[in-house]
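Per-entry structural report
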Amino acid sequence: APADTPLSRLLDSVEQRLDVSEQVALSKWDSRQPVQAPERERQVINQAQSQATRFGIDAQRAGLFFSDQIEANKLLQYHALSRWHAAGSAPQTQRIDLAKQLRPQLDRLQEVLLEELAEFDRHRPEPCTSALAQAIEKRKKSSERSLALIRATAHLCPAI
Ligand SMILES: C=C(O[C@@H]1C=C(C(=O)O)C=C[C@H]1O)C(=O)O
């Protein structure tokens, strides 16, 4: 098992947030809603920015981090929807309500992510970009999951 570091803990929670994307996509498939929900996105980012200082994170950094989480989540939703469109149907699995369950679940994860982002920033690996890239490679599940993890962590390390 990979060492339990601030980076691996943060990536675990990033993946937990990504795990929700399939159920979100199912809800959108059923309701024929678009993947992108701009008002909800603004709410997620505003919430992250207003909670940031409580965790000792710069509001702008928190906003950018969550904007990356949202983009990564949408990538996986588009991917799932495309698979279901190609197949002509979505899986007949138990549905979870978007407003009543999935978004509140994402809201709860938000605080965990902020806490772990703060911890990551206090113990940033050196050099950051290669540690991050190697950690993502080691987790490799599917190519779309790797791509989503890369997108979700685009601003984690300082720009080169
Ligand atoms: C997850 C959703 O889909 C998209 C992704 C979001 C997110 O990752 O928080 C927010 C709004 C949508 O653009 C959603 O609609 O709640």
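Here, every reference points to the structure presented above.
Here's what I pulled together on the structure shown here. (Residues numbered from 1 in each chain as written. Predicted model: local features only at pLDDT ≥ 70, side-chain atom pairs only at ≥ 80, totals over all residues. Heavy atoms only, no water.)

**Points about the nonpolar core**
Selection rule: For this analysis, a nonpolar core means a set of buried residues of the types Ala, Val, Leu, Ile, Met, Phe, Trp, Tyr and Cys, connected via side-chain atoms within 4.5 Å. Think of it in three bands: residues with accessible area under 20% of the maximum for their type are buried, residues over 50% are exposed, and the middle band is partly exposed, with areas taken using a 1.4 Å probe on protein chains only. Secondary structure counts use DSSP, requiring at least four H or I residues in a row for a helix and at least two E residues in a row for a strand, with both numbered from the N terminus. Between two residues, a contact is recorded if the distance between any of their heavy atoms is within 4.5 Å.
L10, V14, I57, F65 and L156 are the most contacted members of the largest nonpolar core, which has 30 residues in total. For this core, the elements supplying multiple residues, two or more each, are α1 (6-19), α3 (38-52), α4 (59-87), α5 (98-122), α6 (128-138) and α7 (143-152). Among the elements that line this core, the one with the most residues is α4, at 6 residues. Apart from residues no more than four positions distant in its own chain, L10 is found in contact with F65, L113, E116, L117, F120 and L156. If you look at the next biggest cluster of nonpolar residues, it comprises 7 residues, including A25, V35, A80 and L81.

**Here's the deal with empty space enclosed by the protein**
To locate leftover empty space, one rolls a probe as large as a water molecule over the atoms. In plain terms, the rule: Throughout, the protein atoms alone are placed on a 1 Å grid, and a set of points is a cavity if a 1.4 Å probe fits but cannot get out or a pocket if it is open with protein on both sides within 12 Å along at least five of seven lines; lining residues have an atom within 4 Å of a point. Grid points are joined across faces, edges and corners, and a volume is the space filled by probe spheres set on the points. Only Asp, Glu, Lys and Arg are considered charged, only Ala, Val, Leu, Ile, Met, Phe, Trp, Tyr, Cys and Pro nonpolar, and every remaining residue, Gly among them, polar.
Applying the stated rule across the entire model yields 2 cavities of 30 Å³ or more. Of the pockets and cavities examined, the largest cavity occupies roughly 200 Å³. Around the largest cavity, the lining comprises 15 residues; the ones closest to its centre are K28, R40, N73, Q77 and L106. Among the secondary structure elements, those contributing two or more residues to the lining of the largest cavity are α2 (21-31), α3, α4 and α5. In terms of residue count, the dominant contributor to the lining of the largest cavity is α4 (4 residues). When the residues that make up the lining of the largest cavity are grouped by side-chain class, the tally is 7 nonpolar, 2 polar and 6 charged. Reported here for the second largest cavity is a volume of approximately 30 Å³.

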